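# An overview of the molecular structure
Now for the letters of each chain:
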Amino acid sequence: MHMNNVKWLLFVVILFGVETVSAQFPKNEINWTSDGNGYYKITGKSISKIDLATGQETSVVKQSLLDGLPSSIASFYFSNDKSKILIFTNTATVWRYKTRGDYWVADVANNKLVQLGKDKPAQSLMYAKFSPDGKSVAYVSERNIYSEDIASNKIQQLTFDGTRKLINGTFDWVYEEEFQLRDGFRWSPDSKSIAFWQIDATKIRDYYMLNTTDSIYSKVIPVEYPKAGEPPSPAKIGVVTIENAKINWVALPGDPQQHYLTRMEWVNPNTLVIQQLNRRQQVSKLFYSNAETGASNQFFTESTTSWIETKDYWNNDDPRGWEWLNNQKDFLWVSEKDGWRHIYKISSDGKKETLLTNGKYDILSIKCIDDKGGYVYFMASPDNTTQLYLFRVRLDGKSKTPEPISDLSLKGTNDYSISPNAKWAKHSFSSHKVYPLEKWEYLPDYKIKKIGSSSVEYAVNDIEYTTVTTEDGITLDAWITKPINFDSTKKYPILFFIYGEAGSSTIEDTYGAQDNQYQLYTGDLKADGYFQVSLDNRGTPSLKGAAWRKAIYKNIGRLNIRDYAMGAKKIIERPYIDKDRVAVWGWSGGGSSTINLLCQYPQLFKTGIAIAPLNNLFFYDNIYQERYMGLPQENKEDYIKGSPIYYAKNLEGNLLMVHGSGDDNVHFGNSEAMINEFIKYNKQFQFMDYPNRTHSLYEGQGTRTHLAGLFTKFLRTNCPPGAK
């Protein structure tokens, strides 16, 4: 259910299948050249470089060499001296991402192509990385770390105790899902050692999924899964010497079963910097740790009464790296300590803080740090939180207000990938009125050229972006689409879409966002006479300040549901809305919200479609659920009264519940428990089980077509289309 605030990732996963991002490269980013003046492109088995100034495309390696690869290139990485290329192929998915596969080294100078880890099982290598000196490659295979000498292909095993539940160099299910941590080891700057995470999930209970269709006997599929209230998997940091595989363990204070280790990087060949988060995720501590002795020195602390966001929230789902400035005398830090998500510059000893993005606005993400030029570039929207623009401020803290780089007169949602030298950008833009635009732009004087009016193609649509103020005095962003040939003297059915939790917002000013939310409907909702609406309640990650986002703390299933219901009530009161034909649907956390709305506000919502819903908050993983709800041992009643299952006895309307039995994220047991509760109270409903399908319900021939047909038939039957 972790959605991050990269908007619409939810719908990429749900509507088009699971993300298949390569092992190391951040999503939606460009593989820039090291000088920042060009980028690399993969086409099948070929790699080329595009010079942005001239547009010239050149091959970076002889095609005859790459023709020896058995399959297309998924991603690649240069050695520091650019003489060798590490190539990732034949990929396989681990939970969400294609992070297993085969690796090859292309020696460009000697025209030589060699496969790594030849004695390892096919598709078992993960997160391979060149050593800084370019002489070796380290990788994970079956939860152990190896180093392979490139010249001799001699393999040195560095850890020996890896098992399904004792994990070296990568992470268990919950660390990956909720902290976006996958790549779990780092070469030292001198190439002599590797620092790595070890996750001990041996005491974490398994959730057992059951595959009943692939053979005549069922197969049990275990997933190590710490549910809310269960202690975390203990994590520790080790430093292993390449020469002799000797491991020194870093000593950090506190019980490992009551803390998380969310970041770790090298400062220099002798020192690591580590972020430790307590189990409640309310206290963040930074340590410098001696790689040889393991001794740690705490140098910076931040605390809150709700939760602290980790780097993946403001760095495109990628928590790696450390934002050093001024030859490591300072670093950048993002915090909500003053009530807004702001960027700070922190001295390396943690004693001096400088607020860089001063003002009553939130940043969404950092796009580029131009240490040489003295600026940090970031996405924000101070005046309209449904839109996004690029701004910059000075790294010396002297900016009074953020300097807009985007054209603020062109209202909508911008996104950028900016080169390391802050001179080039790939810029995309759209709004509900403007078709998507994408172009390369040059920043010779640190001013991105504005999109000219001749580039803009305006769309004709009937989408209304508005706000709704509830009877509780809460103002919610919303969009509304009207039926074709709308007649205000008639009454129409209405279909709401909801997510409603802290992982994602649904209101953004982009082209086609509304259509993305309704692609399960096989016809045309507007042509069939439906109003379509979505709202963003408190607790969603809108850029409205920490108080807005943190209002949901210990209140999931209640505050967010009331906000949404009261906002919907204002819209339903419009004279042309048929109060007897009000439907709502959602997926994952949105499925939970759908059932909560149907059961808590049956006077408003008559029909609901809940896909993969979390029906009992005790059933979800500890990192996500405890972050937003606290520890259930301390506030059990909040968990009980936030769970849809608590309200099952109130069901009055028409409910379709859908779940995949192979859902490793929101477990199938959520729906089975809800089914039992509905039976207990003699509540009639419909249920569809998709055998062995995961949370995204994309596997298997005909699955999505069947789901769309099911969705459409249920809606049309129980919330009939058309004006009356």
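Just so it is clear, the structure is predicted and the values come from calculations on it, not from any experiment. (Residues numbered from 1 in each chain as written. Predicted model: local features only at pLDDT ≥ 70, side-chain atom pairs only at ≥ 80, totals over all residues. Heavy atoms only, no water.)

## A short note on the sheet that holds strand β22 (residues 296–303)
- The four strands are arranged β19-β20-β21-β22 in an open sheet whose pairing can be described as antiparallel. If you trace the sheet from one side to the other, it starts and ends with β19 (259–268) and β22, each paired once. Along the sheet, successive strands turn relative to each other by an average axial angle of 20°, direction set aside.
- With eight bridges joining them, β19 and strand β20 (residues 271–278) adopt antiparallel strand pairing. In the strand pairing of β20, asparagine 268 is matched with threonine 271. (Pairing = 2+ DSSP bridges. Helix = DSSP H or I, 4+ residues; strand = E, 2+ residues; numbered from the N terminus. Axes fitted to C-alpha atoms, helices over the stretch in contact; angles between N-to-C directions.)

## As for the pairing of strand β17 (residues 235–241)
- Burial analysis of β17 places five of its seven residues in the buried class, which makes it a mostly covered element.
- Note: strand β14 (residues 193–200) against β17, seven bridges, orientation antiparallel. From the neighbouring strand, glutamine 198 faces β17, where its bridge partner is lysine 236.
- Pairing of β17 with strand β18 (residues 247–249) involves three bridges; the strand directions are antiparallel. Looking at β18, one finds that valine 240 is bridged to isoleucine 247.
- Remark: five residues form the turn of the hairpin made by β17 and β18, two consecutive strands paired antiparallel; alanine 245 in that turn has positive phi of roughly 60°. (Buried < 20%, exposed > 50% of the residue type's maximum accessible area, 1.4 Å probe, protein only.)

## Section: the packing of aromatic side chains
- Counted by the stated rule, this structure contains 45 aromatic pairs.
- Their ring planes at 70° and their centres at 6.0 Å tell us that tyrosine 175 and tyrosine 260 sit as a pair that is edge-to-face. Here tyrosine 260 lies in strand β19 and tyrosine 175 lies in helix α3 (residues 173–179), a separation of 85 residues in the sequence. Of the two residues, tyrosine 175 and tyrosine 260, both sit in the buried class.
- Taken together, the aromatic side chains of Trp173, Tyr225, Trp307, Tyr553, Tyr620, Tyr624 and Tyr628 make up a single cluster linked through ring pairs.
- Its guanidinium or amino end placed over the ring of phenylalanine 185, lysine 129 lies 3.3 Å from that ring's centre, counting from NZ or CZ.
- Positioned over the ring face of tryptophan 307 is lysine 550, at 4.7 Å from the centre of the ring. (Phe/Tyr/Trp six-rings, centres within 6.5 Å; stacked < 30°, edge-to-face > 60°. Lys NZ or Arg CZ within 6 Å of the ring centre and 35° of its normal.)

## Overview of the sheet that holds strand β1 (residues 38–43)
- In spatial order, the strands read β1-β2-β3; together these three strands make up an open sheet with antiparallel pairing. The open sheet is flanked by β1 and β3 (57–59), the only strands paired with a single partner. Across this sheet, the average inter-strand angle for adjacent strands is 30°, counted without regard to direction.

## Description of the packing of helix α6 (residues 559–572) against helix α7 (residues 589–600)
- It is at 10 Å that the axes of α6 and α7 come closest, and there the two elements cross at 70°. Between α6 and α7, the interaxial angle falls into the category roughly perpendicular. Seen from above, α6 lies across α7 with right-handed handedness. The segment α6 lies against α7, with Asn560, Ile561, Tyr564 and Ala565 engaging Ser593, Asn596, Leu597 and Gln600.
- Residues belonging to the contact of α6 with α7 are distributed by class as follows: four nonpolar, four polar and no charged. (Parallel < 35°, antiparallel > 145°, perpendicular 65-115°, else oblique. Left-handed = near helix turned anticlockwise from the far one by under 90°. Contact = heavy atoms within 4.5 Å. Nonpolar A, V, L, I, M, F, W, Y, C, P; charged D, E, K, R; others polar.)

## Overview of the nonpolar core
- Residues Tyr175, Trp197, Ile237 and Leu272 are the most contacted members of the largest nonpolar core, which totals 45 residues.
- The set of elements that each furnish at least two residues to this core consists of α3, β14, β15 (206–211), β17, β19, β20 and α8 (622–629).
- Listed in part, the 39 residues of the second largest apolar core include Phe496, Val582, Leu604 and Tyr647. (Core = buried A, V, L, I, M, F, W, Y, C linked by side-chain atoms within 4.5 Å.)

## Observations concerning the pattern of salt bridges
- The final tally for this structure, using the stated rule, is 36 salt bridges.
- A salt bridge links aspartate 415 to lysine 367, with the nearest nitrogen and oxygen atoms 2.9 Å apart. With aspartate 415 in strand β31 (residues 413–418) and lysine 367 in strand β27 (residues 363–370), this pair connects stretches of sequence that are 48 residues apart.
- Accessibility expressed as a relative area gives 33% for aspartate 415, which makes it partly exposed.
- By relative accessible area, which is 18% here, lysine 367 ends up buried.
- Across the salt bridge formed by lysine 426 and glutamate 438, the nearest N and O atoms sit 3.5 Å from each other. (Salt bridge = Lys/Arg side-chain N within 4 Å of Asp/Glu carboxyl O.)

## Digging into the confidence of the model for the protein
- For the protein, per-residue confidence averages 93 on the pLDDT scale, and residues scoring 70 or more make up 95% of the total.
- Note that residues 2–27 has pLDDT below 50 and, in this model, 95 contacts with residues that lie over four places away or in other chains. (pLDDT = per-residue confidence, 0-100.)

## Observations concerning α7
- Helix length check: α7 (12 residues) gives 16 Å between terminal C-alpha atoms against 16 Å at 1.5 Å per residue, within 8%.
- Along α7, 12 of the 12 residues are buried, which leaves the element largely enclosed by surrounding structure.
- Here α7 has its buried residues at Gly589, Gly590, Gly591, Ser592, Ser593, Thr594, Ile595, Asn596, Leu597, Leu598, Cys599 and Gln600.
- Close packing links the buried residues of α7 with α6, β38 (577–587), β39 (607–611), α9 (636–642), β40 (654–660) and α10 (669–680). (Expected span 1.5 Å × (residues − 1).)

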